[in-house]
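A closer look at the structure
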Amino acid sequence: MISNEEIVDSLNELVKINNDRIRGYEKAVEDTKDANLDDIFRHNVIQSQQFRSELADHIVRIDGSAVSNATSTDVSSKIHRAWIDIKAALTGKDEQTVLSSVEFGENAAVEAYEEAIEKDHIPAYIREVLQKQLEQLKIARDRVVALHK
């Protein structure tokens with residue numbers, strides 16, 4: 001039998017991924033001098049904040065408690081390492097380097113969502129939410145890829 005704890009753990013991992021994404025884009029906003037990139041990065045911060053809120057709502061409904069730490073990240077996660085790489089790359093503030101790093105981070109976020117959606121213990125109604133978020137993540141990634149070329 002699938003436990004609520006398994007579902008909550010999977011959703012908390014995605015909360016952490018969105019926290020990593022928020023931090024990475026906030027750093028990118030600080031370091032970019034391009035107004036168009038700034039707008040895109042700020043939009044993606046807001047997007048991840050909305051995703052995190054939706055995930056937290058499901059966590060509360062499933063087990064009656066709030067997300068343990070809505071700003072925590074998972075040091076061992078792939079996305080965390082991706083955003084650390086982005087932060088390091090941003091010190092040069094070269095537009096192509098920034099875009100390359102952001103693209104890498106977005107690919108990691110997409111991969112994490114795809115893995116979560118494939119898990120058998122995720123209920124269909126939550127899988128549907130994750131699929132919608134994944135579609136929006138792919139659009140964000142594709143926008144970055146288009147700018148990078």
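The paragraphs below set out a description of the structure included in this document. (Residues numbered from 1 in each chain as written. Predicted model: local features only at pLDDT ≥ 70, side-chain atom pairs only at ≥ 80, totals over all residues. Heavy atoms only, no water.)

1. Description of the side chain of Q133
The condition that has to hold: Comment: elements are numbered from the N terminus, with helices defined as DSSP H or I runs of at least four residues and strands as E runs of at least two. Burial here depends on accessible area, computed with a 1.4 Å probe over protein chains only, as a share of the maximum for the residue type. Under 20% is buried, over 50% is exposed, and the range in between is partly exposed. Definition of a polar contact: a pair of N or O atoms within 3.5 Å, with one able to donate and the other able to accept a hydrogen when the atoms are protein atoms, and with sequence-neighbouring residues admitted only if both atoms are side-chain atoms. Contacts between residues were defined by any pair of non-hydrogen atoms, one from each residue, lying within 4.5 Å.
Looking at the element boundaries, Q133 is found in helix α5 (residues 124-148). Using a relative accessible area of 1% as the deciding quantity, one classes Q133 as buried. At a separation of 2.7 Å, a polar atom in the side chain of Q133 contacts the side chain of E54. Ignoring sequence-local partners within four residues, the contact set of Q133 consists of F51, E54, L55 and Y113.

2. Here's the deal with the environment of R61
The residue R61 is located in helix α2 (residues 35-63) in this model. For R61, a relative accessible area of 62% puts it in the exposed group.

3. A closer look at a negative patch on the surface
Basically, it comes down to this: The patches reported here contain residues having more than 30% relative accessible area and no salt bridge. Joining distances are 9 Å for like charges and 5 Å for nonpolar side chains (Val, Leu, Ile, Met, Phe, Trp, Tyr). Per-residue and other accessible areas follow the Shrake-Rupley method at a 1.4 Å probe size, with only the shown protein chains counted as cover for residues. Throughout this description, the term salt bridge denotes a Lys or Arg side-chain nitrogen within 4 Å of a carboxyl oxygen of Asp or Glu. Neither His nor the chain termini are counted; the positive set is Lys and Arg, and the negative set is Asp and Glu. Just so you know, the charge point we use is NZ for Lys, CZ for Arg, CG for Asp and CD for Glu.
A surface patch of like charges, here negative, comprises E5, E6, D9 and D63. A total of three residues in the negative patch trace back to one element, the largest contributor, which is helix α1 (residues 4-31). When you line up the elements, D63 lands in helix α2. Exposure remark for D63: the relative accessible area of 37% places this residue in the partly exposed category.

4. Here we look at the packing of α2 against α5
Applied cut-off: For helices, the fitted axis covers only the stretch in contact; all axes are lines through C-alpha atoms, and the angles between them, taken along N-to-C directions, range from 0 to 180 degrees. Roughly parallel means an angle under 35 degrees; roughly antiparallel means over 145; roughly perpendicular covers 65 to 115; every other angle is labelled oblique. Should the near helix be turned anticlockwise from the far one by less than a right angle, the crossing is termed left-handed; should it be turned clockwise, right-handed. Classes in brief: Ala, Val, Leu, Ile, Met, Phe, Trp, Tyr, Cys and Pro nonpolar; Asp, Glu, Lys and Arg charged; the others, Gly included, polar.
At their nearest, the axes of α2 and α5 sit 11 Å apart, and the two run at 170 degrees to each other. On the basis of their axis angle, the class for α2 and α5 is roughly antiparallel. Considering only the axes of α2 and α5, their crossing is left-handed. Between α2, through L37, I40, H43, N44, Q47, F51, E54, L55, H58 and I62, and α5, the contact on the second element is made entirely by Y125, I126, V129, L130, Q133, Q136, L137, A140, R143 and L147. Residue classes in the contact of α2 with α5 are distributed as 12 nonpolar, six polar and two charged.

5. Overview of the side chain of R141
Positionally, R141 belongs in helix α5. Given the relative accessible area of 18%, R141 is considered buried. Apart from residues lying up to four places away in sequence, R141 is in contact with E106, N107 and V110.

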